[in-house]
Amino acid sequence: MEHNYSLQPFNTFGIDVKAKHFASFSNITELQTALNEGPKEALLILGGGSNMLFTKDFDGLVLRNEIKGTSVVKETDSQVFVKAGAGEVWHTFVQHCIAQNWCGLENLSLIPGSVGASPMQNIGAYGVEIKDVFHELSAFHIESGAIHTFNKTQCQFGYRESVFKRALKNQYIITDVTFALAKNPDLKTSYGAIQQELDAKGIQNPSIRDISEAVIAIRQSKLPDPAVLGNAGSFFKNPVIDSSSFKVILANFPNVSHYVLNDNEVKLAAGWLIENAGLKGYRQGTCGVHEKQALVLVNYGGSKGQQILDLSTHIIQTIQAQFGVTLEREVNIIPSHESIL
Ligand code: FAD
Ligand code: EPU
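Just so it is clear, the model here is predicted, and its values are computed rather than measured. (Residues numbered from 1 in each chain as written. Chains lettered and ligands numbered in written order. Predicted model: local features only at pLDDT ≥ 70, side-chain atom pairs only at ≥ 80, totals over all residues. Heavy atoms only, no water.)

**Observations regarding the environment of G145**
Positionally, G145 belongs in the loop between β10 (134-141) and β11 (147-151). The partly exposed category is assigned to G145, whose relative accessible area is 24%. Filtering out sequence-adjacent residues up to four positions away, G145 remains in contact with Q32 and F140. (Helix = DSSP H or I, 4+ residues; strand = E, 2+ residues; numbered from the N terminus. Buried < 20%, exposed > 50% of the residue type's maximum accessible area, 1.4 Å probe, protein only. Contact = heavy atoms within 4.5 Å.)

**Points about the domain arrangement of the protein**
Splitting the protein by domain gives domain 1 (2-65), domain 2 (70-182) and domain 3 (230-334). Relative placement of domain 1 and domain 3: their C-alpha centres are 29 Å apart. Between domain 1 and domain 3, the contact holds 13 residues from the first and 18 residues from the second. Summed over both sides, the interface between domain 1 and domain 3 buries roughly 1200 Å², with carbon and sulfur atoms accounting for 58% of that surface. When the area that domain 1 buries against domain 3 is broken down by residue, the three leading residues are F13, N51 and L53, summing to 54%. If you look at where domain 1 meets domain 3, you find 0 salt bridges. The leading source of residues in the side of domain 1 that touches domain 3 is strand β4 (residues 52-54), at 3 residues. (Domains from an automatic or database assignment. Buried area = accessible area lost by both parts, 1.4 Å probe. Salt bridge = Lys/Arg side-chain N within 4 Å of Asp/Glu carboxyl O.)

**Section: the site of ligand 1**
Residues in close proximity to ligand 1 total 33 residues, the closest being I45, G48, S50, S114 and G124. Within the side chain of S50, an N or O atom sits 2.7 Å from an oxygen atom of ligand 1. Here R160 contributes a side-chain N or O atom positioned 3.4 Å from an oxygen atom of ligand 1. Surface burial for ligand 1 is 93%, taken as the share of its 980 Å² of free accessible area covered by protein chains. For the shell around ligand 1, the elements supplying multiple residues, two or more each, are β3 (42-46), β8 (124-125), β12 (172-182) and β13 (230-234). Of the residues that constitute the shell around ligand 1, the class distribution is 16 nonpolar, 15 polar and 2 charged. (Near = heavy atom within 4 Å. Polar contact = N/O pair within 3.5 Å; in protein donor to acceptor, adjacent residues only side chain to side chain. Areas by Shrake-Rupley, 256 points an atom, 1.4 Å probe, with all protein chains shown as cover. Nonpolar A, V, L, I, M, F, W, Y, C, P; charged D, E, K, R; others polar.)

**Digging into the pattern of salt bridges**
Under the definition given, this model contains 13 salt bridges. Here K131 makes a salt bridge to D132, at a shortest N to O gap of 3.3 Å. A relative accessible area of 29% places K131 in the partly exposed class. Where E161 meets R166, a salt bridge forms, and the shortest distance between an N and an O atom there is 2.6 Å. In the salt-bridge network here, residues are joined through shared partners; they are E161, R166, K237 and E328.

See the structure below:
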């Protein structure tokens, strides 16, 4: 166990904070030992630190999940069930599946972070969410030390949501995740610029790898690489509003970028709202709004977490005043920040 340990290499915003206590675990026994020996104060489970904003030193125990391993646990004529340790790097796992010609995760290529964090917010991109290929997960119950299995229904997945962010918050440590992948490709090319990217390369019958490469190219064209510019991806969720509120917004802003979810709900592109409030590329000291993607906040170097949190509050207030829409932060604020502002 380390003490007063720098977390700067362990969060993609690159915020320079310290953990009072820090340990890694690569199996359940090591996890149990760390919990038994560690202080009984605040606990934080860390994967790749790509969806967190530290606003101050963490006055407790940070446990980094390094449970590795990938195995096929079941196979049918059409599907393969692949289990991965929670500490596997997400993109490496996706590439492994693509190399075996297993279909389902290719649209989720290049998302930073760990396998274990992927169900936390039901990660999604380019028309796919992990709930679409999720089978089950195992999780360590912190209070009892028991391992429980959760199926898809029990995880209560939603848009950037799961039961682990709500009713079971801070109660479980995910130790492995099993995905049901297809042996016969069923490719999703309709979202965003995927088809355009394939057309530009003259690809008519894409392979699983072609989809992955198209997604990677699109992502690299607009999302900043955390190794170069600190960030945590989309800082806010795309707000979902009811149809009558949407009609009012549409009357005032006919070009608003949106997606009709059903008869009652519409999802607005938060990036459009931020850009059209004049905040794309806006800079506040050492942090700002990314120039190519307004939903991403960036650390230009040396920024404190509190400064980025303050910037996000300014954005929430501006969007509220201009469009009457409340943005919700998607990134986890550590320590947790209960109020929306
Ligand atoms: P961390 O940031 O380490 O943790 C996130 C939360 O999960 C914390 O609350 C943590 O305590 C908890 N947690 C982590 N591991 C466990 C575990 N094993 N058990 C219990 N709790 C755990 N996300 C998307 O959905 N789609 C995208 O397209 C996308 N693009 C991104 C692009 C960039 C450039 C970046 C930097 C981020 C992006 N993200 C995206 C966000 C991020 O990659 C995902 O949320 C990812 O799943 C976070 O994984 P992590 O291991 O880094 O989690
Ligand atoms: N837009 C703008 N200006 C901007 C950015 C976006 O006008 O600066 C508008 C455009 O109309 C664009 C639309 O917003 O067509 C959607 O933009 P984009 O395709 O870049 O996706 P997003 O809605 O901004 C979401 C996810 C991303 C995911 C992409 C691709 C959320 C909160 N974000 O972003 O996830 O990679 O779609 O599927 O849902 C993340 O969660 O960290 C993340 C990066």
